[in-house]
Amino acid sequence: MASLLGRAGVGGLRLIDRDYVEPSNLQRQSLFDEADAAESLPKAIAAARKIAAFNSEIVVEPKVEDLIPGNIEVLLEGIDLILDGTDNFETRYLINDYAVDRSVPWVYCAAVGSYAVTLNIFPAETACLACIFPDSPGGLVETCETAGILNSAVNLVASIAATEALKFLVGGSEARTLRRTLLAFDLWSNEHAEISAAKPRVGCRACGARDFLHLAGEGRPHITLCGRNSVQIHERKRPIDLSEMDQRLRPHGTVRHNDFVLKFWREPYEMTLFPDGRAIIKGTTDIAVARSLYARYVGT
Ligand SMILES: [Zn+2]
């Protein structure tokens, strides 16, 4: 999506991503290459570099952050349109609450297996995400790890969403050709379906009752990421000096760092540490294990 919009000449893109590039991403994330994965570059940084290489005139703001209730107002400030490149419903419900509350349009996008789905949301005009999915649809969240993702499903949903974004950016939400349906496509079985999303659902928690429970949430100290055996820890407020931490961890395992991330290997675990104190611990899905590794090597 960022590639399509950047090449189309959209003047400004803010890229928010908490993750770093891994070899397993290259199968479908077409902005990245092996050098990015070898460096473990944060995705937002790697994407901004690639976009600058093909269009140096647009403003790209990379933000290596986990979008949470505590930072969403700052991270999305001044944004005309939000595009969903996330992989989890927790973040999508947070975006939906924010977008409905502030009347910012957004485009929901998801892909799993060979299945792609997208919905344009114009708050107060059309259905919001909570109108359609009052609770997270289990099939879309849980199957990611086992099903994998067909790269053309990702590219299809990105192409549709980027096109809808361009229609909105040139014509506003009144643009006649903007889709007002939930569109689902299964590229393998050639099945597709559209259901109307032209009107908000009566009694919707978010756009009807304006109960923004995800926006009011206290953030998420631990998250198990989709698609891999890992836990994210986000509980430090104090920034970390990666060079200093590199020295400290050296006696305990293999360490490597650059300006954006530090990686620490201690069998069977791999810890990736960001300057804001956030960590992704690979090799476990047990929150208690991840917590204790963090406490032992980073601090409490
Ligand atoms: Zn709604």
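So, here is what we can say about the structure in this document. In this text the structure is predicted, and so the values were computed from the model without any measurement.

## Concerning empty space enclosed by the protein
Left-over empty space is what a probe sized like a water molecule reveals as it rolls over the atoms. Within this structure, the stated rule accounts for two cavities of 30 Å³ or more. Approximately 60 Å³ is the volume attributed to the largest cavity. Around the largest cavity, the lining residues are F264, R266, Y269, E270, M271, I281, L293 and Y297. Among the secondary structure elements, those contributing two or more residues to the lining of the largest cavity are β11 (262-266), β12 (269-273) and α11 (287-297). With three residues, β12 is the largest single contributor of residues to the lining of the largest cavity. Tallied by class, residues from the lining of the largest cavity come to six nonpolar, no polar and two charged. Taken together, the elements giving at least two residues each to the lining of the second largest cavity come down to β4 (106-112), β5 (115-121) and α9 (151-171). Per element, the largest residue contribution to the lining of the second largest cavity is three residues, and it comes from α9. For the lining of the second largest cavity, a count of residues per class yields eight nonpolar, one polar and one charged.

## Quick word on the pattern of salt bridges
Pairing of side chains with opposite charge becomes possible as their charged atoms draw close. Taken as a whole and judged by the stated rule, the model has 15 salt bridges. In this structure, R92 engages D84 in a salt bridge whose closest nitrogen and oxygen atoms are separated by 2.6 Å. As far as the burial class goes, R92 and D84 line up, both buried. Two residues, K167 and E164, come together in a salt bridge whose shortest N-O distance is 2.6 Å.

## Points about the pairing of strand β1 (residues 12-16)
Of the two faces of β1, only the one carrying L13 and L15 is buried; G12, R14 and I16 on the other face are not. By the bridge criterion, five bridges tie β1 to strand β2 (residues 59-63) in an arrangement that is parallel. The residue bridging L13 from the neighbouring strand is V60, located in β2.

## Observations concerning the coordination of the zinc ion
Distances from the zinc ion to its protein donors, namely C128 (SG), C131 (SG), C204 (SG) and C207 (SG), fall within the range 2.2 to 2.3 Å. Seen from the zinc ion, its four donor atoms lie at angles of 96 to 120°, and the figure they make is tetrahedral. Between consecutive donor residues of the zinc ion, the sequence gaps follow C-x2-C-x72-C-x2-C. You'll find C204 and C207 in the same group, each marked buried.

## Notes on the sheet that holds strand β6 (residues 181-186)
The five strands are arranged β3-β4-β5-β6-β7 in an open sheet whose pairing can be described as mixed. The outermost strands of the open sheet, each flanked by one partner alone, are β3 (82-83) and β7 (191-196). Seen against the sheet, α9 touches β3, β4, β5 and β6 and runs at an angle of roughly 15° to β5.

## Details of the nonpolar core
Core analysis: the largest hydrophobic core is formed by 33 residues, its most contacted members being I82, W106, Y108, C128 and L129. Elements that contribute at least two residues to this core include exactly α4 (72-75), α5 (89-102), β4, β5, α6 (129-132) and β6. The element that contributes the greatest number of residues to this core is α5, accounting for seven residues. Filtering out sequence-adjacent residues up to four positions away, L129 remains in contact with F89, R92, Y93, N96, W106, Y108 and I121. Counting residues in each nonpolar core, the second largest holds 31 residues, with L15, A37, L41 and A47 among its members.

Cut-off values and rules
Residues numbered from 1 in each chain as written. Predicted model: local features only at pLDDT ≥ 70, side-chain atom pairs only at ≥ 80, totals over all residues. Heavy atoms only, no water. 1 Å grid on protein atoms, 1.4 Å probe; cavity = no way out; pocket = protein on both sides within 12 Å on 5 of 7 lines; lining within 4 Å. Points joined across faces, edges and corners; volume = space filled by probe spheres on them. Helix = DSSP H or I, 4+ residues; strand = E, 2+ residues; numbered from the N terminus. Nonpolar A, V, L, I, M, F, W, Y, C, P; charged D, E, K, R; others polar. Salt bridge = Lys/Arg side-chain N within 4 Å of Asp/Glu carboxyl O. Buried < 20%, exposed > 50% of the residue type's maximum accessible area, 1.4 Å probe, protein only. Pairing = 2+ DSSP bridges. Donors = N, O, S within 2.8 Å, 3.2 Å for Na, K, Ca; no water. Tetrahedral: all angles 85-135°; square planar, octahedral: opposite > 155°, others 65-115°. Contact = heavy atoms within 4.5 Å. Axes fitted to C-alpha atoms, helices over the stretch in contact; angles between N-to-C directions. Core = buried A, V, L, I, M, F, W, Y, C linked by side-chain atoms within 4.5 Å.

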